[in-house]
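Structural features, examined
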Amino acid sequence: MDLNTIWFILITFLFTGFFFLEGFDYGVGILLLIIAKKDNERRAVINTIGPVWDGNEVWMITAGAAMFAAFPHFYATLFSGFYIALVIMLLGLIMRGVAFEFRSKRENQAWRSHWDRALFFGSLIPALLWGVTVANLMRGVAIEADMNYYGGLIPLLNPYSLLGGVVFLGLFTLHGASFLGLKLEGDLKQNVKDVAGKIWIPVVILTVAFLVWTFLATDILNNPGFDGLIPAVLAAVSLLAYGWFLKKDKEGLTFIFGGLAILLATIMVFSGLFPRLMISTLDPAYSLTIYNASSSDYTLKVITIVAAIFIPVILVYQGWTYWIFRKRLSPESPDLHY
């Protein structure tokens, strides 16, 4: 196994961790206005992710840095070609981060409601656009011989990618609901379960429809030599298990299988792409791969050493953070900060 493949696996790992952690993070923000009506209820919901949301986003920053260091042509093509979509996503994330910090600065209810809406849209927009972005990577875009995509935003908003965006939105919302099931107490916890039960079937239907369309329109599920079919099937099974354990009030297993659905779906995408990074719909020869888009061998060796040192540190620190803030919350909890 060469360093190019190792870095492809590492980037897969980073995005898998990001979608798992930030997935329930986005899901909590999306559910905020749906399950909580009173101020103290919303404070309880926000405080379930308040101490950890910024740590979850570190995974996205680390994944972006890894892309830049290991596969600079991939980074350049993705961030320049998808520029408008990524800027909109960034604005949503900024709005979301500000909402966390500003919401409780004043007691005024109108002020807090404003930031609650900002948190909702700041979670919904990135979740949707991540789905659109990933779906376009699976479907392919019009990359030319110079490794650039010039199409702009409109071609990216095709029916397939929009369905992918809705599927991501649904999976993240279910994941957020299962996380809240672990973190909340009382009536608020029951509200979460009721909402999750109502949206589970539509999410399953949309996800299966997206997988069928993926099979018909792309080679992600039948990529010669190394395809994403097995993780796709396992992701669907995990999503079905989510609904079963939700009805049985098995909170831990519900969260595990909701997370597994996201983990396996991410693995499906990257395994179906390998060894490609971005697919060209103009000519397969124009596609970016782990070889024609990579840094030099020397650079890969240096950043491998750096990653081997710092990634375990990040994992240990984040694990410790979740352990410290593991207790359940309710609207009556005395230590609600946000």
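Scroll up a little and you will see the structure.
Anyway, here's the lowdown on the structure attached to this text. The residue numbering used here restarts from 1 in each chain and proceeds along that chain's sequence as written. For this predicted model, a pLDDT threshold of at least 70 governs which residues receive local features, and a threshold of 80 or more governs which side-chain atom pairs are given and counted, while totals over whole chains, interfaces and linings are taken from all residues. To obtain the side-chain values, all non-hydrogen atoms of the structure were included, while hydrogens and water were left out.

Here the focus is a nonpolar patch on the surface. On the surface, Tyr298, Val302, Ile305, Val306, Ile309 and Phe310 cluster together into a nonpolar patch covering about 630 Å² of accessible area. Under the scheme used here, helices are H or I runs from DSSP no shorter than 4 residues and strands are E runs no shorter than 2 residues, and both carry numbers assigned from the N terminus. Within the secondary structure layout, Val306 lies in helix α11 (residues 297-324). The buried label applies to any residue whose accessible area, calculated with a 1.4 Å probe on protein chains only, is under 20% of its type's maximum; exposed applies above 50%, and partly exposed to all values in between. The class for Val306 is partly exposed, based on a relative accessible area of 41%. Without a salt bridge and with relative accessible area above 30%, a residue can belong to a patch; like charges are then joined within 9 Å and nonpolar side chains (Val, Leu, Ile, Met, Phe, Trp, Tyr) within 5 Å. Residue exposure ignores everything except the shown protein chains as possible cover, and the areas themselves are Shrake-Rupley values with a 1.4 Å probe. Counted as salt bridges are all cases of a side-chain nitrogen of Lys or Arg within 4 Å of a carboxyl oxygen of Asp or Glu.

With that settled, consider unusual backbone geometry. Cis geometry marks the peptide bond from Phe274 to Pro275, where omega comes out at 5°. Of note in the backbone geometry, Met147 takes a positive phi value of approximately 70° without being a glycine. If you trace the backbone, Met147 turns up in the loop between α6 (109-139) and α7 (159-183).

Right, let's get into the packing of aromatic side chains. For this analysis, a ring pair means two rings from Phe, Tyr or Trp (six-membered ring only for Trp) whose centres lie within 6.5 Å, classed as stacked if their planes differ by under 30 degrees, edge-to-face if by over 60, and tilted for the remaining angles. Evaluation of the coordinates by the stated rule reveals 30 aromatic pairs. Aromatic pair Phe102 and Trp115: ring centres 5.5 Å apart, planes at 70°, arrangement edge-to-face. With Phe102 in helix α5 (residues 83-102) and Trp115 in helix α6, this residue pair connects regions lying 13 residues apart in the sequence. Among the residues examined, Trp115 registers a relative accessible area of 13% and is labelled buried. One aromatic cluster is present, built from ring pairs that chain together Phe8, Phe15, Phe18, Phe19, Tyr26, Trp130, Phe168, Phe172, Phe270 and Phe274.

Another point: the environment of Val302. Looking at the element boundaries, Val302 is found in helix α11. A relative accessible area of 37% means that Val302 is categorised as partly exposed. When the C-alpha positions of Val302 and Leu156 are compared, they lie 35 Å apart, and in sequence the two are 146 residues distant.

Now for the nonpolar core. The set of buried Ala, Val, Leu, Ile, Met, Phe, Trp, Tyr and Cys residues whose side-chain atoms join them within 4.5 Å is what this entry labels a nonpolar core. The biggest cluster of nonpolar side chains holds 99 residues, and the ones touching the most others in it are Trp7, Phe15, Phe19, Val45, Phe74, Trp130 and Met278. With 16 residues, the single largest contributor to this core is helix α1 (residues 3-35). Apart from residues lying up to four places away in sequence, Val45 is in contact with Val28, Leu32, Ile35, Ala36, Leu180, Leu184 and Leu188. In what follows, a contact means two residues having at least one pair of non-hydrogen atoms within 4.5 Å.

For the rest of this paragraph, the subject is helix α9 (residues 229-247). Between the first and last residue of a helix there are one fewer steps than residues, each counted as 1.5 Å, and that sum is the expected span. When the terminal C-alpha atoms of α9 are compared, their 28 Å separation across 19 residues agrees well with the 27 Å that a helix rising 1.5 Å per residue should span. Those residues of α9 lying buried are Pro231, Ala232, Ala235, Ser238, Leu239, Ala241, Tyr242, Gly243, Phe245 and Leu246. Lining the buried residues of α9 we find α7, α8 (186-217) and α10 (251-273). Where α9 ends, the next residue or the one after it, Asp249, has phi of about 60°, a positive value.

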